[in-house]
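# A closer look at the structure
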Amino acid sequence: MARWLASRQWPVHPLAPGRKTPAANCERCRVRSHAPSQCPCHEQGRWCHGFHSATTDLALIDAWWRREPRAGVAVSCGPAHLVVLDVDAHTAQVPDRSRLLPGIRIPEQVDLAGLASGFDTLALLAAYRREPNPVEDDSTLRVRTPSGGLHIWYVNPTPTVRYRSSTGSSPRTALAWQVDVRAHGGYIVAPTTRTSTGVYAPLGAVRDPAPLPSWLAAELTRTGHVPQAAPVSVPVPRSGGQARAPRSGPAQALLRPLIETVRACAAYAEGAGFTEKLNRAAFTAGGLAGAGHLNPAEARQKLAEAAHYARPHQNRRNETIIDAALTAGASRPFHPKGLA
């Protein structure tokens, strides 16, 4: 299994025999604290520090499992571009409804009788968004865990977006109660791995992760699983009198055709000059905002929506282009004729 996973460019590392935790560090690393990136074991071809030692080197993998044939297999999710929902069914005290779906208020009239696990909260989230329940998604790899939970595997279709791992009980970053997220900074137990409590068994015939559904990507972003870019700083024009709200109607009319050229790129997978058109529209918007003719936040939102429509799988790159061009344009305030 380890070789097969590595052949797909999914870095793997050993788990302690019969357990779902990483194989122990070497004795030296157990008694001397150091950063995983500075561990000498890695250069010497030894595992250490869990997923930090994960590799796709087949020779190294063969050596590791010859050394410990009983070791289980884990995949380092970040480098493999995997986002896995780890749905728990642990016996635990159900928290207040305000903590079941972070950021979503569940009205008192919603009957939560019988809610007991991550299966319930994930179903509740899907129902709230009017989307299919991921637990029932038979288009992707799903793995039943020995404890009765479920791993739902997805591949991140936008590798430039890095989703962070989280636990469903976290008061800060969580998707839903008892639903963990395994992504950057985490690992997932590979299918067929056996522990003392049972086997991680794939469900159905699908063995490949499907692309992460767009609505789940939006939920992960909403719940803080994607670090947010710093807001664009647009200078406020100086005025001798009282500040006025920008009269944006004429400026928006000037910007609208530029934004439409960005949206029109959706008809072509490549060769449409998308980057140049987005840069030009954002630079113009920045100049208009810097001159006080546009609200910069509203302009950025319109640009981001058009860019997402045309190139939905490169949001991080789109935002980088927009923010750089907005800032550059704002440094050169634009007063077109009729708007001064």
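Residues numbered from 1 in each chain as written. Predicted model: local features only at pLDDT ≥ 70, side-chain atom pairs only at ≥ 80, totals over all residues. Heavy atoms only, no water.

The secondary structure content of the protein amounts to 10 helices and 11 strands. Considered along the principal axes of its C-alpha atoms, the protein spans approximately 75 × 55 × 40 Å. A total of 340 residues make up the protein; the buried ones form 43% of that total. A separation threshold of at least 6 residues defines the contact pool for the protein, and within that pool the share at least 24 residues apart is 71%. Working note: accessible area of the protein is about 18100 Å², and carbon and sulfur atoms make up 51% of it. (Helix = DSSP H or I, 4+ residues; strand = E, 2+ residues; numbered from the N terminus. Buried < 20%, exposed > 50% of the residue type's maximum accessible area, 1.4 Å probe, protein only. Contact = heavy atoms within 4.5 Å. Areas by Shrake-Rupley, 256 points an atom, 1.4 Å probe, with all protein chains shown as cover.)

Here the focus is helix H8 (residues 274-290). Helix length check: H8, at 17 residues, gives a terminal C-alpha distance of 24 Å against a target of 24 Å (1.5 Å per residue), a fit within 8%. Looking at H8, one finds that the buried residues are Phe274, Leu278, Ala281, Ala282, Thr284, Ala285, Gly286, Gly287, Leu288, Ala289 and Gly290. (Expected span 1.5 Å × (residues − 1).)

Right, let's talk about empty space enclosed by the protein for a bit. Taken as a whole and assessed by the stated rule, the structure comprises two cavities of 30 Å³ or more. Size it by volume and the largest cavity reaches roughly 50 Å³. Lining of the largest cavity is provided by Cys77, Gly78, His81, Leu82, Val83, Asn156, Pro159, Val161, Tyr163, Ala183 and His184. The calculated volume of the second largest cavity comes to roughly 30 Å³. Looking at the second largest cavity, the residues that line it are His13, Pro14, Pro22, Ala23, Trp47, Cys48, Gly50 and Ser53. Here the lining of the second largest cavity is built from residues that sort into five nonpolar, three polar and no charged. (1 Å grid on protein atoms, 1.4 Å probe; cavity = no way out; pocket = protein on both sides within 12 Å on 5 of 7 lines; lining within 4 Å. Points joined across faces, edges and corners; volume = space filled by probe spheres on them. Nonpolar A, V, L, I, M, F, W, Y, C, P; charged D, E, K, R; others polar.)

This brings us to the pattern of salt bridges. Inspection of the entire model under this criterion finds nine salt bridges. A salt bridge links glutamate 108 to arginine 97, with the shortest nitrogen-to-oxygen separation between them at 3.8 Å. Of this pair, glutamate 108 sits in the loop between strand S3 (82-87) and helix H5 (118-129) while arginine 97 sits in the loop between S3 and H5, and the two are 11 residues apart along the sequence. The exposure class of glutamate 108 is exposed, given its relative accessible area of 61%. Since its relative accessible area comes to 19%, arginine 97 is described here as buried. Arginine 300 is the partner of aspartate 323 in a salt bridge, and the nearest nitrogen-oxygen pair spans 2.7 Å. Note that aspartate 323 is positioned in helix H10 (residues 315-330) and arginine 300 in helix H9 (residues 296-310), a separation of 23 residues in sequence. (Salt bridge = Lys/Arg side-chain N within 4 Å of Asp/Glu carboxyl O.)

The next thing to look at is the sheet that holds strand S7 (residues 187-189). The antiparallel open sheet is built from three strands, whose spatial order is S1-S2-S7. Taken across any chain shown, the strands that pair with only one partner, and hence form the sheet edges, are strand S1 (12-15) and S7. Between one strand and the next, the sheet's axes are offset by a mean angle of 35°, whatever the strand orientation. In this sheet, strand S2 (residues 72-76) lies alongside S1 in antiparallel orientation, the contact comprising four bridges. Counted as the bridge partner of leucine 15 is glycine 72 from S2. Lying on the sheet, helix H4 (residues 58-67) is in contact with S1 and S2; it crosses S1 at an angle near 5°. (Pairing = 2+ DSSP bridges. Axes fitted to C-alpha atoms, helices over the stretch in contact; angles between N-to-C directions.)

For the rest of this paragraph, the subject is unusual backbone geometry. The phi torsion at histidine 49 lies on the positive side, around 65°, for a residue other than glycine. Residue position: histidine 49 is located in the loop between helix H3 (40-43) and H4. In this structure, threonine 192 takes a positive phi of about 75° despite not being glycine.

The buried fraction of strand S5 (residues 150-155) amounts to five of the six residues, a majority that puts the element mostly inside the structure. Judged from the six bridges that link them, S3 and S5 form a sheet pairing that is antiparallel. From the neighbouring strand, leucine 85 faces S5, where its bridge partner is isoleucine 152. Pairing analysis gives three bridges linking strand S4 (residues 142-144) to S5, with the strands arranged antiparallel. The residue of S5 that forms the bridge with arginine 144 is leucine 150. Between S4 and S5, which pair antiparallel and follow one another directly, the connecting turn spans five residues, one of which, glycine 148, has a positive phi of 95°. For S5 and strand S11 (residues 210-211), the ladder comprises two bridges, and the chain directions are parallel. Across the sheet, the residue bridging to tyrosine 154 is alanine 210, located in S11.

Along the chain, glycine 224 turns up in the loop between helix H6 (214-222) and helix H7 (248-263). Distance in space between the C-alpha atoms of glycine 224 and arginine 316 is 15 Å, their sequence separation being 92 residues. The contacts of glycine 224, once residues within four sequence positions are left out, are Arg164 and Thr173.

Turning to its location among the elements, threonine 140 is positioned in the loop between H5 and S4. Separated by 2.4 Å, the side chain of threonine 140 and the backbone oxygen of tryptophan 153 make a polar contact. Excluding its chain neighbours within four sequence positions, the residues that come into contact with threonine 140 are Ile152, Trp153, Tyr154, Val206, Asp208, Pro209 and Ala210. (Polar contact = N/O pair within 3.5 Å; in protein donor to acceptor, adjacent residues only side chain to side chain.)

Coordinates in, geometry out; function isn't part of it.
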